[in-house]
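Okay, here's what each chain looks like letter by letter:
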2 protein chains.
Amino acid sequence: MTTIDPDQLTCPLPGAETERVLLGHGSGGRLMADLLATVITGELGEPGPLEDAALIGGDLVVSTDGFVVTPRFFPGGDIGSLAVHGTVNDLAMRGARPIALTLAYVLEEGLPLAELREITASVAAAARDCGVRVVTGDTKVVGRGAADGCYLTTTGIGRRLPSATPTAAGGVPGDVVLLSGPIGAHGTAILSVREGLGFEADIRSDSRPLHRLVAAMVEAGGHEVHALRDPTRGGLASALNELAESSDVTVEIDEPGLPVPAAVASACELLGLDPLHVANEGCLVAFVAPAAADAVLAAMRADPAGREARAIGTVGPPGGPARVVARTLVGSTRVVDMLIGEQLPRIC
Amino acid sequence: MTTIDPDQLTCPLPGAETERVLLGHGSGGRLMADLLATVITGELGEPGPLEDAALIGGDLVVSTDGFVVTPRFFPGGDIGSLAVHGTVNDLAMRGARPIALTLAYVLEEGLPLAELREITASVAAAARDCGVRVVTGDTKVVGRGAADGCYLTTTGIGRRLPSATPTAAGGVPGDVVLLSGPIGAHGTAILSVREGLGFEADIRSDSRPLHRLVAAMVEAGGHEVHALRDPTRGGLASALNELAESSDVTVEIDEPGLPVPAAVASACELLGLDPLHVANEGCLVAFVAPAAADAVLAAMRADPAGREARAIGTVGPPGGPARVVARTLVGSTRVVDMLIGEQLPRIC
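The rules behind the values
- Residues numbered from 1 in each chain as written.
- Chains lettered and ligands numbered in written order.
- Predicted model: local features only at pLDDT ≥ 70, side-chain atom pairs only at ≥ 80, totals over all residues.
- Heavy atoms only, no water.
- pLDDT = per-residue confidence, 0-100.
- Contact = heavy atoms within 4.5 Å.
- Buried area = accessible area lost by both parts, 1.4 Å probe.
- Salt bridge = Lys/Arg side-chain N within 4 Å of Asp/Glu carboxyl O.
- Polar contact = N/O pair within 3.5 Å; in protein donor to acceptor, adjacent residues only side chain to side chain.
- Phe/Tyr/Trp six-rings, centres within 6.5 Å; stacked < 30°, edge-to-face > 60°.
- Lys NZ or Arg CZ within 6 Å of the ring centre and 35° of its normal.
- Pairing = 2+ DSSP bridges.
- Helix = DSSP H or I, 4+ residues; strand = E, 2+ residues; numbered from the N terminus.
- Axes fitted to C-alpha atoms, helices over the stretch in contact; angles between N-to-C directions.
- Left-handed = near helix turned anticlockwise from the far one by under 90°.
- Nonpolar A, V, L, I, M, F, W, Y, C, P; charged D, E, K, R; others polar.
- Least-squares fit on C-alpha atoms with pLDDT ≥ 70 in both.
- Expected span 1.5 Å × (residues − 1).
- Bend = angle between axes of the 7 residues up to and from the residue.
- Buried < 20%, exposed > 50% of the residue type's maximum accessible area, 1.4 Å probe, protein only.
- UniProt positions renumbered as here; feature names shortened; annotations may be inferred.

Q: Explain the confidence of the model for chain A to me, please; I cannot follow it from the model alone.
A: Residues and elements named next belong to chain A. Per-residue confidence for chain A gives a mean pLDDT of 91; residues scoring 70 or more make up 93%. The model gives residues 1-17 a pLDDT under 50, and that stretch makes 19 contacts with residues more than four places away or in other chains. Both scores are available for the predicted complex, with the pTM at 0.92 and the ipTM at 0.91.

Listed below in structure tokens is the structure:
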């Protein structure tokens, strides 16, 4: 049994960073991947590709997510709707429609009940909109100072759509890389409110459910929809790197063709952020066989959540390293890596 | 959007208690039932009997639980094994065997990785012992001071055993009330460590999985096993009151016949606690039709988790109020109510 000595925490020694949990371990970047591999999946004995959700026999899919976003209310959503969308989307990335949600609260003593009621109503409204029910839950209360107001954990259970077989390991050379919409809005919206940057009028989180979009894609492309991922923590860069690693392929994207809204680009420039690393909560990236790519893209554009869908790259020829390469405006290429550590803590 | 002003929290005005989350809202007692009814299930629009787990179509059952226990390591278990047992047991109370678990962490920056590894290994070992796998998970990190080390949320998915139909609303007049083992060990073990009371050598948490015990009970009694509940937060008093309310029956128990280990009784006396209100993590209470009660009791006693099982009372005749009544040593009766608020915060 080990306890935390606060005096030892203020300045970790160089080289000792890996001995304690760092904010960067929650980033969705390289540090988090290391933590998962060396501590969590290592101890649990669950190797294999990192998936947003797991198949548990037959057509059943399950996914779980904690939500610690701050502030809890932001332009375009709140912690309640975000939790529902995030969980529904993780199921959708395995080609599943949601059949049930569960909801667990950790509440800090002193949280206004009016706020708890507002968050819960937001959960309920988002679930109704997704056509799914919250079937069971749990509520724990901790003393003042032992949590920051309210944390949520949602778990989703879903059933795979017929002919839906997307998996992070499914990408093959030649696949077209499709992106369903603009990137960077969620992370910059949160940061703008948190830091008082004044972009709140121009940037709203893209938090939305994607299961209907995925159903349309699968109807158009079936098994040819090889891989799906929603680029949340760690942004598009992490999502593409995870797919590249799981599929053992090189992913080539066309950087000037990436849809970055002007206000997001301004906010990123001001903050020194790369939009490729900023979290999204309402778009997805797909690897689709070239023969089906046009039909899938047309189906995406016909859905409200995919109106601005586009092809952003391809999966490179066999034999390349498992990484992501961007062609830049000036014609050169650069490697797009995951972030090492933390860019935006508590973004979801 | 509402934020917390810490200055307003130190002394809630009389009558204003219901306007903020109190520690007692997490107690498993009356305040918690009110919070669920008026805020959470009220907003979610999910009425009906309070169940430990929900049926989600066919024979599928799902349950979710957050774990905030302090300390995280205690005699007889730790937060990792407790999370697995608690979730497996909630499935078992609906007559289900576990088929998959999910695991979500909220970690405080600064938590030693060695401790995270130890907790995760404990999750893995407990899951193996229960014959179930952790299939997916999530990890969030919050800054120093925004959590107390480590919180876990586990969700279990299970399948109902053939002929298992227990439900909180299933109790009927004449049912025999069976209890699988001694009460009070978990809560007093936690409190003894937390407060340095010195009972650690004598009292260990009863944290253990109960799904095999339930399988044996269902094999012996089938549909005659009307209702099951594990008396965790709020203790046996809350569990029996919830069953009484859901089934709309009077429950009569024989107080002198309740199995309270001597060390637990001493600890409760010292602390001014009623063992009926102290949390358990390894026993269950059942309402069983009288014709099947002997066979079910024999099956319980043949299982390691039910060796000390016994009948502790009956469900009273029709028309009585939905409450719990205890016959005392001197032959009188008293109403056993749920606690109003908090007795032992962060017990699980």
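Q: Looking at this structure, how should I read the interface of chain A and chain B?
A: Many analyses report the size of an interface as the accessible area lost when the parts associate. With 82 residues of chain A at the contact, the number on the chain B side is 83 residues. For the chain A and chain B pair, buried surface summed over both sides reaches about 7000 Å², with 65% attributable to carbon and sulfur atoms. It is A:Val21, A:Leu113 and A:Lys140 that lose the most area in chain A upon contact with chain B, and together they represent 9% of the buried surface on that side. Linking chain A with chain B are six salt bridges, by the criterion used here. Of the charged contacts in the structure, one is a salt bridge between B:Asp65 and A:Lys140, with a shortest N-O distance of 4.0 Å. Across the contact surface, chain A and chain B share 22 residue pairs in polar contact (both at pLDDT 80 or more).

Q: Explain the packing of aromatic side chains here, please?
A: Any two aromatic rings considered together are summarised by their centre-to-centre distance and by the angle between their planes. With the rule as written, the count across this model stands at zero aromatic pairs over all chains. The lysine or arginine in question, A:Lys140, covers the ring of B:Phe67, its NZ or CZ lying 5.6 Å from the ring centre.

Q: So what exactly am I meant to see when it comes to the sheet that holds strand β13 (residues 324-327) of chain B here?
A: Two modes of strand pairing occur in sheets, parallel and antiparallel, and in both the strands are linked by backbone hydrogen bonds. Residue and element names in this part refer to chain B. As summarised here, the arrangement of the seven strands in space is β9-β11-β8-β12-β10-β13-β14, forming an open sheet in which the pairing is mixed. Bordering the open sheet on either side are β9 (225-229) and β14 (333-335), each of which pairs with just one other strand. Recorded for the sheet is a direction-independent mean angle of 25° between the axes of neighbouring strands. Note that strand β8 (residues 176-179) and strand β12 (residues 310-315) share four bridges and pair antiparallel. Bridge pairing in β12 links leucine 178 to alanine 311. Packing against the sheet, helix α8 (residues 290-301) makes contact with β8, β9, β11 (285-288) and β12, and its axis sits at approximately 5° to β8.

Q: Teacher, can you tell me more about the packing of helix α2 (residues 79-92) of chain A against helix α3 (residues 113-130) of chain A here?
A: Between two packed helices, what matters for the description is the angle formed by their axes and the separation of those axes. Residue and element names in this part refer to chain A. Between α2 and α3, the shortest axis-to-axis distance is 7 Å and the interhelical angle comes to 35°. Our pair here, α2 against α3, has a crossing hand that is right-handed. Residues Ile79, Gly80, Ser81, Val84, His85 and Val88 of α2 touch α3, and the partners they reach there are Ile119, Ser122, Val123, Ala126, Ala127 and Cys130. Residues of the contact of α2 with α3, tallied by class, amount to eight nonpolar, four polar and no charged.

Q: Whenever I open this one, the relation of the copies chain A and chain B confuses me. Can you help?
A: Of the two same-sequence chains, chain A is brought onto chain B (RMSD 0.0 Å, axial shift 0.0 Å) by a rotation of 180°. Considering both components of the superposition, the chain copies are consistent with a two-fold axis. Scanning chain A for the C-alpha nearest the rotation axis identifies A:Ala147, at a separation of 2.2 Å. Comparing contact sets, 100% of the residues at the interface of chain A also lie at the interface in chain B, consistent with an isologous, same-surface contact.

Q: Just checking my understanding: could you explain helix α1 (residues 30-44) of chain B for this structure?
A: Because an α-helix completes one turn every 3.6 residues, residues spaced three or four positions apart along the sequence face the same direction. For α1(B), with 15 residues, the first-to-last C-alpha span of 20 Å sits near the 21 Å given by 1.5 Å per residue. The largest bend along α1(B) reaches roughly 40° and is located at B:Leu36. Considered for burial, the residues of α1(B) that qualify are B:Leu31, B:Met32, B:Leu35, B:Leu36, B:Val39, B:Ile40 and B:Leu44. Taken together, the buried residues of α1(B) touch β5 (96-108), α3 and β6 (134-142) of chain A. Positive backbone phi, approximately 70°, marks B:Gly45, located one or two places after α1(B).

Q: Is there a simple way to explain the pattern of salt bridges in this structure?
A: A side chain of one charge can pair with a side chain of the opposite charge when the charged atoms of the two come close. On inspection of all chains with the given rule, the structure shows 26 salt bridges over all chains. B:Lys140 is paired through a salt bridge with B:Asp138; the nearest N and O atoms lie 2.7 Å apart. Per residue, the accessibility class of B:Lys140 equals that of B:Asp138, and both read buried. Each of A:Asp65, A:Arg233, B:Asp138 and B:Lys140 takes part in salt bridges that share partners, so that together they form one network.

Q: I would appreciate a short explanation of the UniProt feature "domain: PurM-like N-terminal" (unreviewed entry) in chain A in the present structure.
A: The UniProt feature table records "domain: PurM-like N-terminal" (unreviewed entry) at residues 51-159 of chain A. Between the C-alpha atoms that bound residues 51-159 of chain A there is a distance of 16 Å. The span itself is 29% helix and 42% strand.

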